[in-house]
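Commentary on secondary and tertiary structure
Chain by chain, the residues:
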Amino acid sequence: EKFQDEFAAWLGTKYAVCYCNGTLSLAAAMFAIGLGAGDEIICPAKTYWASCMQAALLGASVVFANVKPDTLCIDPSDLERCLGPSTKAIMVVHYSGYPCDMDEICAFAKKHNLKVIEDVSHAQGAMYKGRKCGTFGDVAAMSLMSTKSFACGELGMLVTSNRKIYERA
């Protein structure tokens, strides 16, 4: 509990929950926002399988968005093409430490009443316009395994400032 509290404070969120690995923390983030059967989640076409395939465990479908060639992060200009009547959320992956364009993504999500999940597995401590990655969306999840920038052996972490999402996680 002390590590969770310290991690949340370091990142700049109200809450943090530890999991056995990053894959489970991503699944918990999807569950926590209410992703379920019949829903769709938009994910970047370039990512590790755990960023998107956990949706299948909840009965949801994945719609893949193009990525920007210079950062390999989700391309906000492709979100409109991916949007459908069952879209519930956008999964962003700050790939290889490059922050996604969170201004455009969050504005799009707000306009269409979508939740934003940040996969920060490659970007613990990375900054976007003066704020740490993982503090822009509704919830963020990440792996803290030995090859990550914030390594803790094998560990996953979910962070949020939303009490309802925290309690559901």
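Read on for an overview of the structure. The model shown is predicted, which means the values in this text are computed figures rather than measured ones.

1. Some details on the overall build of the protein chain
When helices and strands are counted, the protein chain shows six helices and nine strands. Against the globule reference of 15 Å for 169 residues, the protein chain gives a C-alpha radius of gyration of 14 Å, in line with a compact fold. Oriented by its inertia axes, the alpha-carbon framework of the protein chain measures out at about 40 × 35 × 25 Å. Split into buried and exposed, the 169 residues of the protein chain put 49% on the buried side. Between the averaged position of the 16 positive side-chain charges in the protein chain and that of its 17 negative side-chain charges there is a distance of 4 Å.

2. Quick word on the packing of aromatic side chains
By the definition in use, this model includes four aromatic pairs. Taking the centre distance of 5.9 Å and the plane angle of 50° together, the rings of Phe3 and Phe7 count as tilted. Taken as a pair, Phe3 and Phe7 lie in helix H1 (residues 2-11) at a separation of four residues, close to a single helical turn. With relative accessibility at 32%, the residue Phe3 sits in the partly exposed group. What makes Phe7 buried here is its relative accessible area of 2%. Look at Tyr15 and Tyr166: their rings are 4.3 Å apart centre to centre, the planes differ by 15°, and that puts the pair in the stacked class. Placement of the pair is Tyr15 in strand E1 (residues 15-19) and Tyr166 in helix H6 (residues 163-168), with a sequence separation of 151 residues.

3. Let's talk about unusual backbone geometry
The backbone phi angle of Leu72 is positive, close to 65°, even though this residue is not glycine. With respect to the helices and strands, Leu72 occurs in the loop between strand E3 (61-65) and helix H4 (79-82). A relative accessible area of 31% means that Leu72 is categorised as partly exposed. The phi dihedral of Ser96 is positive, around 55°, even though this residue is not glycine. Here Ser96 is to be found in the loop between strand E4 (87-93) and helix H5 (102-111). A relative accessible area of 46% means that Ser96 is categorised as partly exposed.

4. Here's the deal with the sheet that holds strand E8 (residues 139-143)
Across a sheet, strands are paired by hydrogen bonds formed along the backbone, either parallel or antiparallel in direction. Pairing is mixed across the open sheet formed by seven strands, whose spatial order is E1-E9-E8-E5-E4-E2-E3. At either end of the open sheet lies a strand with only one pairing partner, and these are E1 and E3. Taking each pair of neighbouring strands and ignoring which way they run, the sheet shows an average axis angle of 20°. Sheet topology note: the E1/strand E9 (residues 156-160) ladder contains five bridges and is antiparallel. Its bridge partner being in E9, Val17 is matched across the sheet by Leu158. Contacting E4 and strand E5 (115-119), H5 crosses the sheet at an angle of about 170° to E4.

Each value, and the rule that gives it
Residues numbered from 1 in each chain as written. Predicted model: local features only at pLDDT ≥ 70, side-chain atom pairs only at ≥ 80, totals over all residues. Heavy atoms only, no water. Helix = DSSP H or I, 4+ residues; strand = E, 2+ residues; numbered from the N terminus. Rg over C-alpha atoms; globule rule 2.2 N^0.38 Å. Buried < 20%, exposed > 50% of the residue type's maximum accessible area, 1.4 Å probe, protein only. Lys, Arg positive; Asp, Glu negative; His and termini not counted. Charge placed at Lys NZ, Arg CZ, Asp CG, Glu CD. Phe/Tyr/Trp six-rings, centres within 6.5 Å; stacked < 30°, edge-to-face > 60°. Pairing = 2+ DSSP bridges. Axes fitted to C-alpha atoms, helices over the stretch in contact; angles between N-to-C directions. Contact = heavy atoms within 4.5 Å.

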